[in-house]
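# Commentary on secondary and tertiary structure
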Amino acid sequence: MGVPTLGCHCAVCSSSDPHDKRTRPSILLSRMRDGIVHNVVVDTTPDFRFQALRAGIDRLDAVVFTHAHADHILGFDDIRPYNMRQKMAMPVYASDATIETLRRTFAYVFEPAPPGTLIPEVTLHPIHGPFELLGTTFTPIPAEHGPVQVFGFRVGHMAYLTDFGRLPDSSKALLADLDDFILDALRDEPHPMHQSVEQAVALVRELGPRRAWFTHIAHDLPHAATNARLAAMGLPNVQLAYDGLRFEVRL
Ligand SMILES: [Zn+2]
Ligand SMILES: [Zn+2]
Ligand SMILES: [Zn+2]
């Protein structure tokens, strides 16, 4: 829902710490190649336009989707300026199920444009295994988000895995030797479709990444106090992610 959450005046929603301002979850992968910064975004959230302005994305090379829930797709229409500037259809990578929902939710994108208007132009790339973007391999990591199958993605020694409650052993095998692991940790209270902090901590202990970053955080978790709590648990390298967090990825 984002933090502040509409209508809420709890301590986190009214916090003055900029780390407690949370837009909907998404990551940007950037790589300089041939003198040009190439960009791939994972999910187009309802905050996508604002996030792209904030991150200064002048060029977008592809969109990769984790799944088709509203908080991950509703900014999709805002890829139009990149269609226009780059004079190209946007490559979209997603599971068959996510593509099906995109076709329903954004039906107009897949119908002919009314004359003189501009609708998003896309090429669809169904994900059935690892694929290449930014000159490197994106490995899909299947996970269970309640009844919904989602994809996390591993790129080099980084993995991004939002929106899941259970991770099959076959996916855990794809997450060895990580420098940075970004993973779902919604809140302390258990949720049928998301990991709690306790479950996320257990998974981090099991997989042993060098650093872990919790994401998809609800307003239940204050940034500074939760990080202090994790440090007190002997996990100084496990922290809440925050809007604007940046790091280098070892390929
Ligand atoms: Zn709140
Ligand atoms: Zn979801
Ligand atoms: Zn979500």
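From a predicted model like this one, the values you see are computed outputs, not experimental measurements.

Attention now moves to the coordination of the zinc ion (ligand 1). Within the protein, the zinc ion (ligand 1) binds to Cys 8 (SG), Cys 10 (SG), Cys 13 (SG) and His 219 (ND1); these donor distances fall in the range 2.0 to 2.3 Å. For the zinc ion (ligand 1), the 4 donor atoms in the first shell make angles of 104 to 114 degrees at the metal, a pattern classed as tetrahedral. Every donor residue of the zinc ion (ligand 1) comes from the same chain, spaced as C-x1-C-x2-C-x205-H. Highlighted residues: Cys 13 in the segment before strand E1 (27-33) and His 219 in the loop between strand E11 (211-215) and helix H7 (223-232), separated in sequence by 206 residues. The exposure class assigned to His 219 is partly exposed, which follows from its relative accessible area of 26%.

Attention shifts here to helix H1 (residues 48-55). Turning to H1, its buried residues number three or more, namely Phe 48, Gln 51 and Ala 52. For H1, the arc enclosing every buried residue in end-on projection is 100 degrees, short of the 170-degree limit, so these residues lie on one face. Of the exposed residues in H1, the ones pointing more than 90 degrees away from its buried face are Arg 49 and Leu 53. The inward-facing, buried residues of H1 abut strand E2 (36-42) and helix H3 (80-86). Where H1 terminates, the next one or two residues include Gly 56, which has phi positive at roughly 65 degrees.

Our focus in this paragraph is the coordination of the zinc ion (ligand 2). The protein atoms that coordinate the zinc ion (ligand 2) are His 67 (NE2), His 69 (ND1), His 145 (NE2) and Asp 163 (OD), at distances of 2.2 to 2.3 Å. One can describe the site at the zinc ion (ligand 2) as irregular: its 4 donor atoms subtend angles covering 91 to 173 degrees at the metal. One chain supplies every donor to the zinc ion (ligand 2), and in sequence these donors are spaced H-x1-H-x75-H-x17-D.

Quick look at the pattern of salt bridges now. The tally for this structure, following the rule as stated, stands at 14 salt bridges. In this structure, the salt-bridge partner of Asp 47 is Arg 24, at a minimum N-O distance of 2.8 Å. Within this pair, whereas Asp 47 is found in the loop between E2 and H1, its partner Arg 24 is found in the segment before E1, the two being separated by 23 residues in sequence. Accessibility expressed as a relative area gives 15% for Asp 47, which makes it buried. Relative accessible area serves as the criterion here: at 21%, Arg 24 is assigned to the partly exposed category. With a shortest N-O distance of 3.3 Å, Lys 172 and Glu 206 are connected by a salt bridge. Linking Lys 172 in helix H5 (residues 169-172) with Glu 206 in helix H6 (residues 197-207), this pair joins segments that are 34 residues apart in sequence.

Before going further, it helps to spend a moment on the sheet that holds strand E8 (residues 148-155). Reading across the sheet, the 7 strands line up as E6-E7-E8-E9-E10-E11-E12 and stay open at both edges, with mixed pairing between neighbours. The open sheet has two edge strands, strand E6 (131-133) and strand E12 (238-240), and neither has a second partner. On average, each strand axis in the sheet is inclined to that of its neighbour by 25 degrees, with strand direction left out of account. Here E8 runs beside strand E9 (residues 158-161); their pairing, made up of 3 bridges, is antiparallel. Opposite Phe 153, over in E9, you have Tyr 160 as the bridge partner. Its contacts with the sheet put H6 on strand E10 (180-184), E11 and E12, and the angle it makes with E10 is roughly 155 degrees.

What follows concerns the layout of surface pockets. Looking at the second largest pocket, its volume works out to about 180 Å³. Taken together, Phe 48, Arg 49, Ala 52, Leu 53, Ile 57, Asp 58, Asp 78, Pro 81, Tyr 82 and Arg 85 form the lining of the second largest pocket. Those elements that provide at least two residues to the lining of the second largest pocket are H1 and H3. For the lining of the second largest pocket, the element with the most residues is H1, which contributes 4 residues. Looking at the lining of the second largest pocket, its residues break down into 6 nonpolar, no polar and 4 charged.

With that out of the way, let us pick up the nonpolar core. Counting 26 residues, the largest nonpolar core has Leu 161, Phe 164, Leu 167, Leu 175, Phe 181, Leu 183 and Phe 214 as its most contacted members. Of all elements in the fold, only strand E7 (136-145), E9, E10, H6, E11 and E12 reach the threshold of two or more residues within this core. When residues no more than four places from it in sequence are discounted, the contact partners of Phe 181 are Ala 159, Leu 161, Leu 175, Leu 203, Leu 207, Pro 209, Arg 211, Ala 212 and Trp 213.

The rules we used
Residues numbered from 1 in each chain as written. Chains lettered and ligands numbered in written order. Predicted model: local features only at pLDDT ≥ 70, side-chain atom pairs only at ≥ 80, totals over all residues. Heavy atoms only, no water. Donors = N, O, S within 2.8 Å, 3.2 Å for Na, K, Ca; no water. Tetrahedral: all angles 85-135°; square planar, octahedral: opposite > 155°, others 65-115°. Helix = DSSP H or I, 4+ residues; strand = E, 2+ residues; numbered from the N terminus. Buried < 20%, exposed > 50% of the residue type's maximum accessible area, 1.4 Å probe, protein only. Arc of directions from axis to C-beta. Contact = heavy atoms within 4.5 Å. Salt bridge = Lys/Arg side-chain N within 4 Å of Asp/Glu carboxyl O. Pairing = 2+ DSSP bridges. Axes fitted to C-alpha atoms, helices over the stretch in contact; angles between N-to-C directions. 1 Å grid on protein atoms, 1.4 Å probe; cavity = no way out; pocket = protein on both sides within 12 Å on 5 of 7 lines; lining within 4 Å. Points joined across faces, edges and corners; volume = space filled by probe spheres on them. Nonpolar A, V, L, I, M, F, W, Y, C, P; charged D, E, K, R; others polar. Core = buried A, V, L, I, M, F, W, Y, C linked by side-chain atoms within 4.5 Å.

Coordinates in, geometry out; function isn't part of it.
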